[in-house]
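Summary of structural features
Next come the chains, spelled out residue by residue.
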Amino acid sequence: MAYRATFRCFQGCDGSWPVTQPIYTCPTCGGLLEVVHDLAALAERTGPQWTKLFDERYKLNKWPYGSGVWGKREWVMPEIPDDDIVSMYEGSTNLFWAERYGQELGLSDLWVKLCGNSHSGSFKDLGMTVLVSVVRSAVRRGLQVKAVACASTGDTSAALAAYGAAAGLPIVVLLPRGKISTAQLVQPLAHGALVLGLDTDFDGCMAIVKRLAQENIVYLANSMNPLRIEGQKTVGIEVVQQFEWEVPDWIILPSGNLGNASALYAGFKMMRELGVISRFPRLVVAQAENANPLYRAWQAGKREVEPIVAKQTQATAIQIGNPVSAPRAVRALEAMNGLVEQASEQELADAAARADRTGMYTCPHTAVGLAVLEKLVSNGTIGSRDRTVCISTANGLKFTEFKVAYHESAIAGVTSNLKNPPVLLPPDFGQVVDAIGKRFD
Ligand SMILES: *Cc1c(COP(=O)(O)O)cnc(C)c1O
Ligand SMILES: [Zn+2]
């Protein structure tokens, strides 16, 4: 294969580095890196030729093409040999028409992309398959790595631990103690990772893992490492593919560290540059009001995001005050005529319950996206016939505590307007009949 990808400075400084090199910042300016593809080589195929190839591979059993990520390998990480790929057939997740929930909001063309229906239960699998594959490839060619490590709000660590275990690599995860769900904590434990619970928040864990990487003690698996972005960018490509290569009007994305927002843009940019699409959807970055540094900057008309101390939110995976990929996300918002909106704890809790009542099973982050959608519909920004996609970032089953607390009216500061607690009865036929009659008369 003649296709190539290398690391470059995101701000445009000189220099390029192989993707197998453990380098996370530009040596000149200290800023973020990005993966740059040889677009001239890729452009030798036309847009329709690419989409035909991607369609032929979609959900195929032939290794590694059944993966939604590796089915687009030339655009993602072209030089990794088949044998080095660590994949658990991530991606190719369902995009479903949210008919009843949409009707409640007055929308006829609302879709939810269920990225949480994946190996470790979140979209983080999309990026992790790429990062772990590159590391395995580099290690097999002599790179010395004591351990691969990440700071996490729960889903990155679950994905890294799973893919690392599949590859046989040593994994270290740094977690903010008491700030992730039980399911998220158990995942890396089950996969044999070294789990370090630190008495701090995500930003505190991130500062330590960055230093571990700088001092070459670990290989860094956070999305500061642009390898993750390359895998995650397939989500936008996949959405367009699932609409038979038509571009929706809006994409709403719950965001914290802002890597995924920039990944979404990277996918759309590549599709446009390679003749697959001719316009972008509008991007909506959805933040929890308690962890909203990008929202604050955007409201103030600023393009520099000032770090804040994030307050507690039910949407624990996006409880981040100092987003590493802020400059990348700002570029994405500018290019995609985007906007930033926020949701309060009350709004996200009710949005989750409302959506669940139409058959979804919504994690609190997806609920931030849905709450923001509800706002943008009611203020007329999103029109009733606009084709709108809300990205569901994780599986609701990882967040049982959130749902139990809601239905038990036990979330501090939140009124459980749509709670549905169980009716507890003795084993008495008459009382069962009464209970049914009372609910459905
Ligand atoms: C990681 C994560 C996010 C946020 O993604 P960023 O790239 O950090 O913005 C949102 N939802 C869930 C469930 C996540 O795990
Ligand atoms: Zn630079």
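Look up a bit, the structure's there.
For the structure given in this document, a descriptive report is provided here. (Residues numbered from 1 in each chain as written. Chains lettered and ligands numbered in written order. Predicted model: local features only at pLDDT ≥ 70, side-chain atom pairs only at ≥ 80, totals over all residues. Heavy atoms only, no water.)

**Some remarks on the overall build of the protein**
Note the cut-off: By the criteria applied, helices consist of DSSP H or I runs no shorter than four residues and strands consist of E runs no shorter than two, each listed in order from the N terminus. Here the radius of gyration uses the C-alpha set of atoms, whereas the globule reference equals 2.2 Å times the residue count to the power 0.38. Each residue is assigned to one of three classes by its accessible area relative to the maximum for its type, calculated with a 1.4 Å probe on protein chains only: buried under 20%, partly exposed between the two thresholds, exposed over 50%. Note on contacts: a residue pair is in contact if any heavy atoms of the two residues lie within 4.5 Å. Residues counted as positive are Lys and Arg, residues counted as negative are Asp and Glu, and His and the chain ends are not counted. Where a charge sits is defined by one atom per residue type, namely NZ (Lys), CZ (Arg), CG (Asp) or CD (Glu).
The number of helices and strands found in the protein is 17 helices and 13 strands. Against the compact-globule benchmark of 22 Å for 441 residues, the protein has a radius of gyration of 22 Å, which places it among compact chains. Counting only C-alpha atoms and orienting by the principal axes, one finds that the protein spans roughly 75 × 50 × 45 Å. Counting across all 441 residues of the protein, residues that qualify as buried make up 59%. Considering only contacts in the protein between residues 6 or more positions apart, those separated by 24 or more positions represent 71%. Side-chain charges of the protein comprise 42 positive and 43 negative groups, with the mean position of each set lying 3 Å from the other.

**Quick word on helix α16 (residues 400-407)**
Short version of the rule: Comment: arc refers to directions from the helix axis out to C-beta atoms.
All of the buried residues in α16 are Phe402, Lys403, Ala405 and Tyr406. Viewed end-on, α16 has its buried residues packed into an arc of 165°, placing them on one side of the element.

**Structural notes on the site of ligand 1**
Basically, it comes down to this: We call a residue near a given molecule or strand whenever any one of its heavy atoms falls within 4 Å of it. Counting of polar contacts relies on pairs of N or O atoms within 3.5 Å, with two restrictions inside protein: one atom must be capable of donating a hydrogen and the other of accepting it, and residues adjacent in sequence are counted only when both atoms are side-chain atoms. Amino acids are sorted into nonpolar (Ala, Val, Leu, Ile, Met, Phe, Trp, Tyr, Cys and Pro), charged (Asp, Glu, Lys and Arg) and polar (every other residue, Gly among them).
Inspection of the region around ligand 1 gives 15 residues, with Lys124, Asp155, Gly256, Asn260 and Thr393 positioned closest. The backbone of Gly259 places a nitrogen or oxygen atom 3.2 Å from an oxygen atom of ligand 1. Here the residues of the shell around ligand 1 sort into six nonpolar, seven polar and two charged.

**What to know about the environment of Gly68**
Along the chain, the position of Gly68 falls in the loop between α2 (47-57) and α3 (73-76). Take Gly68: its relative accessible area is 2%, and that puts it in the buried class. Sequence separation between Gly68 and Val235 is 167 residues; the distance between their C-alpha atoms is 8.4 Å. Leaving out residues up to four positions away in the same chain, Gly68 has contacts with Glu90, Gly91, Ser92, Thr234 and Glu238.

**Some remarks on the coordination of the zinc ion (ligand 2)**
Quick note on the threshold: Metal donors: N, O and S atoms at distances within 2.8 Å, or within 3.2 Å for Na, K and Ca, with water omitted from the atom set so that some sites may seem incomplete.
Protein coordination of the zinc ion (ligand 2) is provided by Cys9 (SG), Cys13 (SG), Cys26 (SG) and Cys29 (SG), with donor distances spanning 2.3 to 2.4 Å. Binding-site remark: the zinc ion (ligand 2) is held by donors from one chain whose sequence spacing is C-x3-C-x12-C-x2-C. Pair noted here: Cys13 is in the loop between β1 (5-9) and β2 (16-18) and Cys29 is in the loop between β2 and β3 (33-37), with a separation of 16 residues, a long-range link.

**Topic: the nonpolar core**
Selection rule: Among buried residues, those of type Ala, Val, Leu, Ile, Met, Phe, Trp, Tyr and Cys that are joined through side-chain atoms within 4.5 Å constitute a nonpolar core.
Membership of the largest hydrophobic core comes to 105 residues, with the highest contact counts inside it found for Trp75, Met77 and Phe268. For this core, the element with the highest residue contribution is helix α5 (residues 124-140), accounting for seven residues. Residues contacting Trp75, with those up to four places away along its chain left out, are His37, Leu42, Trp50, Phe54, Glu230, Lys233, Ile237, Met270, Met271, Leu274 and Val276. Within the second largest apolar cluster, 41 residues are counted, among which are Ala315, Ala352, Val368 and Leu370.

**Digging into helix α6 (residues 155-167)**
Since one α-helical turn is 3.6 residues long, residues separated by three or four positions face the same way. Using the following cut-off: To estimate how far a helix should reach, multiply one less than its number of residues by 1.5 Å.
The terminal C-alpha atoms of α6 lie 18 Å apart, and with 13 residues this matches the ideal 18 Å at 1.5 Å per residue to within 8%. Most of α6 is tucked away, with 11 of its 13 residues classed as buried. Looking at α6, one finds that the buried residues are Asp155, Thr156, Ser157, Ala158, Ala159, Leu160, Ala161, Ala162, Tyr163, Gly164 and Ala167. Check the buried side of α6 and you find it contacts α5, β6 (148-151), β7 (171-176), α7 (182-190) and α9 (226-232).

**Focus on the pattern of salt bridges**
The following threshold applies: The working definition used for a salt bridge is a side-chain nitrogen of Lys or Arg within 4 Å of a carboxyl oxygen of Asp or Glu.
Here the structure, examined in full by the defined rule, presents 19 salt bridges. Here Glu56 and Lys52 are joined by a salt bridge, their closest N and O atoms 2.9 Å apart. With Glu56 and Lys52 both in helix α2 and four residues apart, the pair spans about one turn of that helix. What makes Glu56 partly exposed here is its relative accessible area of 44%. Overall, the relative accessible area of 54% leaves Lys52 in the exposed class. The partner of Lys375 in a salt bridge is Glu347, and the shortest N-O contact between them spans 3.2 Å. One end of the pair, Lys375, is in helix α15 (residues 364-378); the other, Glu347, is in helix α14 (residues 345-356), with 28 residues separating them in the sequence. Taking the relative accessible area as the measure of exposure, Lys375 reaches 23% and is therefore partly exposed. Put simply, Asp84, Arg140 and Arg141 are held in one network by salt bridges that share partners.

**Points about the state of the cysteines**
Just so we agree on the cut-off: Throughout, disulfides are identified as pairs of cysteine sulfur atoms within 2.5 Å of each other.
A full pass over the atoms with the stated rule returns zero disulfides. Not engaged in a disulfide, the cysteine Cys205 finds its nearest cysteine sulfur in Cys150; these two sulfurs lie 9.6 Å apart.

**Some remarks on the sheet that holds strand β5 (residues 110-114)**
Filter applied, for reference: Strands are treated as partners if at least two bridges between them are detected by DSSP. Here an axis means a line fitted to C-alpha atoms, over the contact stretch when the element is a helix, while the angle between two N-to-C directions is reported on a 0 to 180 degree scale.
Strand order in this open sheet of six strands is β4-β5-β13-β10-β11-β12, and the pairing throughout is mixed. Strands with a single pairing partner mark the edges of an open sheet, and in this sheet they are β4 (95-97) and β12 (339-343). Neighbouring strand axes in the sheet, compared pairwise and without regard to direction, differ in orientation by 25° on average.

**Notes on a nonpolar patch on the surface**
The line we're drawing: Here, patches come from residues exposed beyond 30% relative accessible area and free of salt bridges, joined within 9 Å for like charges and within 5 Å for nonpolar side chains (Val, Leu, Ile, Met, Phe, Trp, Tyr). Where accessible areas are quoted, they stem from the Shrake-Rupley method and a 1.4 Å probe; at the residue level, only the protein chains shown are allowed to cover.
A cluster of nonpolar side chains, contributed by Val423, Leu425, Val432, Ile436 and Phe440, occupies part of the molecular surface with about 490 Å² of accessible area. By secondary structure assignment, the location of Val432 is in helix α17 (residues 429-439).

**Here we look at the side chain of Asn225**
Take Asn225: it is sitting in the loop between β9 (219-220) and α9. A polar atom in the side chain of Asn225 sits 3.0 Å from the backbone oxygen of Leu220. Contact partners of Asn225, with chain neighbours within four places excluded, come to Phe7, Tyr24, Leu131, Tyr219 and Leu220.

**Concerning unusual backbone geometry**
In this structure, the amide linkage connecting Trp63 to the following residue, Pro64, adopts the cis form with an omega of -10°. In this structure, Pro64 sits in the loop between α2 and α3. If you check the backbone angles, Asn337 has positive phi at about 45° while not being a glycine. Inspection of the secondary structure puts Asn337 in the loop between α13 (326-335) and β12. Look at Asn337 and you get partly exposed, because its relative accessible area is 47%.

All quantities given are derived from atomic positions and should not be read as evidence of function.
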